[in-house]
Amino acid sequence: MTAIDSADLGLRLDLDARARLVSGGGVFRTGAEPALGMRAIVTSDGPIGVRGERWDEADTALALPSPTAMAASWDERLVAELGALLATEARRKGVDMLLAPTLNLHRSPFAGRHFECFSEDPLLTGRIGAAYITGVQSGGVAATAKHYVGNESETERLTMTARIDERTLREVYLAPFEAAVQAGVWAVMSAYNGVNGEPMSESRLLAEPLKGEWGFDGLVVSDWGAVRSTEATGAAPVDLAMPGPNEHWGARLAAAVRAGRIPADALDDKVRRLLRLAGRVGAFDPPPAPRPTDPDTARGLLRRAAAAGAVLLGNRGGLLPLDAGALRRVAVIGPNAAVARIQGGGSAGVYPEAVVSPLDGIRAAVPPGTAVEYRPGVRTSDRPTPLEPGLCRHPETGEPGLRVRFRAADSTVLHTEHRPSGRSFETPEAVDLTDLREIEIHTVLRVPFGGRWRLGVVGLGAVRLSADGRTVLDDHVAAESDDPTYLHVTPSFRQVGVDLAAGRDVELVARRVVEPGQGRVFALAADPPQEAAGQELADAVGLARGADLAVVVVGTSEEHESEGFDRSTLRLPGGQDALVAAVAAVNPATVVVVNSGGPVLLPWREEAAAVLLGWFPGQEGGHALADVLFGRAEPGGRLPTSWPAEEDAPAVPHTRPAGGELAYTEGLHLGYRGWLRTGTAPAYWFGHGLGYGNWEYLAAEVPRRVAAGAGLTVRVDLRNTGVRASREVVQVYLARPASSVERPVRWLAGFAAVRAEPGERVTAEVTVSARALAHWSVAERRWLAEPGGFTVLVGPSAGHLPLSAPVDVAAGAGAGAGVPVEARAEAEVRAPAEAGTVAVSGDG
């Protein structure tokens, strides 16, 4: 059955059934409707993998590079490939709807969920997001553009309102969502927060411009738990309340419609849109047979994507790429080198089957005779480490892992599981845990090293831990937040030091009393004895001193960068700055790899021979890193966000609301626009990235004049003067020095990538749409193109634009201060420029 055929089926249902249908059916699925032959639509968090309905390490998923790393590739074709892979994964897991991509912007580097967003620029975000959506939906799986709109930070995200002026909303924060609608996205998720006083689940912005002006015909789903009223949300254009069954809809929604407090047409539109989505994802048909993912092909794509997004920030003396055959001893240093941080923290986490750490990747890439040695140097995380299978065994069977029991208040066992490790977990929805009162974890710990171990539990409420029958921890853990990520993913923990002898087996039993509204997360952790911090640093420096190459991997942990909270500092945690400085001082061949989802301060960036930004690279990150270090792949990334040199710079907005409001006082001037406005420079500009080529920008051909309401094409000649084949991202910016309206100093208007062999000259064609020349008129409530002169600037980053040329926008008949611009992007791209071009060369 097609989506169009199915859209009106819901009108056959009675009022109660229609209200029930849009009220959700479970944590990650809608309700089924047998009367219509419709099965439940299954959803899953994204955006770097398809976790499925459970947080379950036994249900593995591919882990892609973070969205910021995807955007750093500036490669729409690659991102579409990744989207198609996600669709295959979704079908393998019986998932119909992926809750991704996130189209919020990098307004501030302090934002905790920075890693889950693409970029600080609306055009780059829109184009990469559209590619992601196209890839996912090519496999018959719905993509979900989220979080509409103004959810650029985590502090008070459930209740705060973002104060954003209309023009900034239109030109900056709504623009990526408009691009998603133009790409045909099937679903949009409304945000927790409000905008200008209206909660987004009740906002008029869902009607206009989303469903009206833009013509979005898909489904608006609430963020999880964001529907907190009946009449206000029921009358609003939010179509599906999740998770379900939602207490505010269902019977209450039907009663409000019956009483005339909510128009019946509002409910009917919700039902039509839900059924249209059901038709699109095949929910009126039997679940499609899973399409197997070829493991080698998938891993190869993830490896290529991680290298394509890696950004070479600095490469003093051309240290990179390295000749692996010339190395005899390599020092790999840093806590993130051995235990890779492949993804950000929060609801979007997945459990990959295998992870390649930087240490693993380097060891696999060097010749057999090369010694690769490791030292952590420092410690960055105080959060306990869940028990790994190699350290624990089931108390009855002796198999690796532990036994988990779910008990009622009378100690009746409701459910038992054998878990491979001590990580947090969920039970299947099919298991009835209505009477759950206690969770018990039971295992036998193998103690390989003697000394003072740190044993711990993760979970809220009354917790108790015993070792060989002796109670070592007994506490009540009070909730510190009502944020869903805190409650259901990363709640508080408790630890205790216990002296254990090497070679012993220790029986551990942990219990947690489950209280209402506190989630069911429970984890058992054990951390072995550690060296004194000063000794760890000295060991790392000593190793680096005698090595041909030192690779220092620095980064953040889940305590410092995650959904649910914003960062309080951009400094690297745990003495990592001192570690880099000390290693660089003793080894001139020091490469620093930055393993973070968003910007961190790099005070030693001029001391290291090379600085490589690896982001959260996904499960194949270690292999990709080795490919880049040893020249098997070029670091293809360009920064999708400006990288500050200090955290209190005037161009860095804060994320903390005042009185429940977060004012976007910078208006249009976020990111590189803000740096340009303040006249200050970041450590690295938006668009910066070195690669392994050396590019000379020769000339730009720009039309002298364009018709009113039209776009233009910029042709750029450039040459690779380096000794290796290379890819370059040619960026085109616009400026309007004398304007009747406020504008950024300059703004990204288009980009294109080219490849060239050493010495080869190539031409990039960059399309600039009519929309890039337009501004939103608040007075006229439409897009206008201001007639007169603009400047076209061309180069490799927002801060380095060696070519420029003027272009004149013709005035339309009776245009006055502006010419109306049609919203149809395709018409803009094809609109011809007027005859005549201007060519510019050198540093013009």
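Residues numbered from 1 in each chain as written. Predicted model: local features only at pLDDT ≥ 70, side-chain atom pairs only at ≥ 80, totals over all residues. Heavy atoms only, no water.

What about the overall build of the protein?
Working step 1: Each helix and strand in the protein was counted, giving 20 helices and 37 strands.
Working step 2: Over its C-alpha atoms the protein spans a radius of gyration of 28 Å, differing by no more than 12% from the 28 Å that the globule rule assigns to 844 residues.
Working step 3: Counting only C-alpha atoms, the protein reaches 85 × 80 × 50 Å along its principal axes.
Working step 4: Evaluated residue by residue, the protein yields a buried proportion of 62% over its 844 residues.
Working step 5: When the accessible surface of the protein is totalled, it reaches about 29900 Å², and 50% of it is carbon and sulfur.
Working step 6: Within the protein, the 103 negative side-chain charges are centred at a point lying 1 Å from the centre of the 84 positive side-chain charges. (Helix = DSSP H or I, 4+ residues; strand = E, 2+ residues; numbered from the N terminus. Rg over C-alpha atoms; globule rule 2.2 N^0.38 Å. Buried < 20%, exposed > 50% of the residue type's maximum accessible area, 1.4 Å probe, protein only. Areas by Shrake-Rupley, 256 points an atom, 1.4 Å probe, with all protein chains shown as cover. Lys, Arg positive; Asp, Glu negative; His and termini not counted. Charge placed at Lys NZ, Arg CZ, Asp CG, Glu CD.)

Some thoughts on the sheet that holds strand 3 (residues 142-148)
Working step 1: Taken in spatial order, the 5 strands line up as 1-2-3-5-8 in an open sheet, and their pairing is parallel. With partners counted over all chains shown, the strands left at the sheet margins are strand 1 (43-45) and strand 8 (219-222), one partner each. Averaged over all adjacent pairs, the angle separating strand axes in this sheet is 30 degrees, with direction ignored.
Working step 2: Sheet analysis places strand 2 (residues 97-99) next to strand 3, joined by 2 bridges and oriented parallel. Residue pairing in the sheet places Met97 in a bridge with Ala142 of strand 3. (Pairing = 2+ DSSP bridges. Axes fitted to C-alpha atoms, helices over the stretch in contact; angles between N-to-C directions.)

Some words on empty space enclosed by the protein
Working step 1: Scanning the model with the defined rule gives 5 cavities of 30 Å³ or more in all.
Working step 2: Space inside the largest cavity adds up to approximately 180 Å³.
Working step 3: Lining the largest cavity are 21 residues, and of these Val593, Gly614, Pro617, Gly621 and Leu625 sit closest to its centre.
Working step 4: Those elements that provide at least two residues to the lining of the largest cavity are helix 12 (295-309), strand 23 (590-595) and helix 18 (621-629).
Working step 5: Across the lining of the largest cavity, the residue classes break down as 15 nonpolar, 5 polar and 1 charged.
Working step 6: If you add up the space inside the second largest cavity, you get close to 100 Å³. (1 Å grid on protein atoms, 1.4 Å probe; cavity = no way out; pocket = protein on both sides within 12 Å on 5 of 7 lines; lining within 4 Å. Points joined across faces, edges and corners; volume = space filled by probe spheres on them. Nonpolar A, V, L, I, M, F, W, Y, C, P; charged D, E, K, R; others polar.)

Notes on the nonpolar core
Working step 1: In this structure, Tyr148, Val149 and Val794 are the most contacted members of the largest nonpolar core, which totals 162 residues.
Working step 2: The element best represented in this core is helix 11 (residues 264-281), accounting for 8 residues.
Working step 3: One finds Ile439, Leu460, Ala467 and Ala526 within the second-largest nonpolar core, a separate group that totals 35 residues. (Core = buried A, V, L, I, M, F, W, Y, C linked by side-chain atoms within 4.5 Å.)

A look at the packing of helix 16 (residues 533-545) against helix 17 (residues 576-586)
Working step 1: For the pair helix 16 and helix 17, interaxial distance at closest approach is 8 Å and the crossing angle is 30 degrees. When the interaxial angle is binned, helix 16 and helix 17 end up roughly parallel. When you trace helix 16 past helix 17, the crossing you get is right-handed. Facing helix 16, whose interface residues are Leu537, Ala540, Val541, Ala544 and Arg545, helix 17 presents Leu579, Ala582, Val583 and Val586.
Working step 2: Across the contact of helix 16 with helix 17, the residue classes tally to 8 nonpolar, no polar and 1 charged. (Parallel < 35°, antiparallel > 145°, perpendicular 65-115°, else oblique. Left-handed = near helix turned anticlockwise from the far one by under 90°. Contact = heavy atoms within 4.5 Å.)

A word on helix 10 (residues 251-258)
Working step 1: Leu253, Ala254, Ala256 and Val257 are the residues of helix 10 that are buried. Each buried residue of helix 10 lies within a common arc of 160 degrees when the element is viewed along its axis, so the set occupies one face. Residues of helix 10 that are exposed and angled more than 90 degrees away from the buried face: Ala251 and Arg258.
Working step 2: Residues of helix 10 that are buried sit in contact with helix 2 (15-21), helix 9 (231-235) and helix 11.
Working step 3: Of the residues flanking the end of helix 10, it is Gly260, one or two places downstream, whose phi is positive at about 80 degrees. (Arc of directions from axis to C-beta.)

Concerning the sheet that holds strand 16 (residues 451-458)
Working step 1: Pairing within the open sheet is antiparallel, and its 3 strands lie in the order 19-16-21. At either end of the open sheet lies a strand with only one pairing partner, and these are strand 19 (493-500) and strand 21 (523-527). Shown here is a sheet whose adjacent strand axes are inclined to one another by a mean of 20 degrees, direction ignored.
Working step 2: Pairing of strand 16 with strand 21, which is carried by 5 bridges, proceeds in the antiparallel orientation. Considered in strand 21, the bridge of Arg454 is made with Asp527.

Here we look at the confidence of the model for the protein
Working step 1: Model confidence for the protein is summarised by a mean pLDDT of 92, while 95% of its residues fall at 70 or above.
Working step 2: Within the model, the stretch residues 824-839 combines pLDDT values under 50 with 33 contacts to residues more than four positions away or in other chains. (pLDDT = per-residue confidence, 0-100.)

Comments concerning the environment of Thr791
Working step 1: Relative to the helices and strands, Thr791 resides in strand 34 (residues 788-795).
Working step 2: Given a relative accessible area of 23%, Thr791 falls into the partly exposed group.
Working step 3: Excluding residues that lie within four positions of it along the chain, Thr791 makes contacts with Tyr733, Leu734, Ala735, Pro737, Ser804 and Ala805.

Overview of the side chain of Glu154
Working step 1: Following the sequence through the fold, Glu154 ends up in the loop between strand 3 and strand 4 (161-163).
Working step 2: Look at Glu154 and you get buried, because its relative accessible area is 3%.
Working step 3: If near-sequence neighbours (up to four positions away) are discounted, Glu154 is found in contact with Gly112, Arg113, Glu563, Gly564, Phe565 and Asp566.

Overview of the packing of aromatic side chains
Working step 1: This model, assessed by the stated rule, comprises 12 aromatic pairs.
Working step 2: Arranged with centres 4.7 Å apart and planes meeting at 20 degrees, the rings of Tyr672 and Phe686 form a pair that is stacked. Here Tyr672 is found in helix 19 (residues 672-678), whereas its partner Phe686 is found in the loop between helix 19 and strand 26 (695-703), with 14 residues between them in sequence.
Working step 3: Assessed through its relative accessible area of 1%, Tyr672 is described here as buried.
Working step 4: Under the relative-accessibility criterion, Phe686 is labelled buried at 0%. (Phe/Tyr/Trp six-rings, centres within 6.5 Å; stacked < 30°, edge-to-face > 60°.)

Quick notes on the environment of Ser108
Working step 1: Mapping Ser108 onto the fold places it in the loop between strand 2 and helix 5 (122-137).
Working step 2: By relative accessible area, Ser108 is classed as buried at 1%.
Working step 3: Along the backbone, Ser108 and Val611 are 503 residues apart, and their C-alpha atoms lie at a distance of 22 Å.
Working step 4: Among all residues touching Ser108, those that are not within four sequence positions of it are His114, Val652, Pro653 and Thr655.
Working step 5: One polar contact links the side chain of Ser108 to the main-chain carbonyl oxygen of Pro653, over a distance of 2.8 Å. (Polar contact = N/O pair within 3.5 Å; in protein donor to acceptor, adjacent residues only side chain to side chain.)

A short note on the pairing of strand 14 (residues 413-419)
Working step 1: When strand 13 (residues 402-408) meets strand 14, the two strands line up antiparallel, connected through 6 bridges. Residue pairing in the sheet places Arg407 in a bridge with Val413 of strand 14.
Working step 2: Remark: 4 residues form the turn of the hairpin made by strand 13 and strand 14, two consecutive strands paired antiparallel; Ser411 in that turn has positive phi of roughly 75 degrees.

Some details on the pattern of salt bridges
Working step 1: Using the criterion set out here, one finds 56 salt bridges in the structure.
Working step 2: A salt bridge links Asp96 to Arg39, with the nearest nitrogen and oxygen atoms 3.0 Å apart. Within this pair, whereas Asp96 is found in the loop between helix 4 (76-92) and strand 2, its partner Arg39 is found in the loop between helix 2 and strand 1, the two being separated by 57 residues in sequence.
Working step 3: The class of Arg39 is buried, set by a relative accessible area of 18%. (Salt bridge = Lys/Arg side-chain N within 4 Å of Asp/Glu carboxyl O.)

What to know about the packing of helix 6 (residues 166-173) against helix 7 (residues 175-182)
Working step 1: Relative to each other, helix 6 and helix 7 sit at 50 degrees, their axes nearing to 5 Å. On the basis of the axis angle, helix 6 is oblique to helix 7. Here Leu169, Arg170, Glu171, Val172 and Tyr173 of helix 6 lie close against helix 7, whose contacting residues are Ala175, Pro176 and Phe177.
Working step 2: Residues belonging to the contact of helix 6 with helix 7 are distributed by class as follows: 6 nonpolar, no polar and 2 charged.

Re the pairing of strand 3
Working step 1: For strand 3, the tally of buried residues reaches 7 of 7 residues, placing the bulk of the element in the interior.
Working step 2: Read from strand 2 through helix 5 to strand 3, the crossover connection turns out right-handed.
Working step 3: Bridge count for strand 3 against strand 5 (residues 187-190) is 3 bridges, and the pairing is parallel. Its bridge partner being in strand 5, Thr144 is matched across the sheet by Ala187. (Right-handed = clockwise from strand over helix to strand, strands pointing away.)

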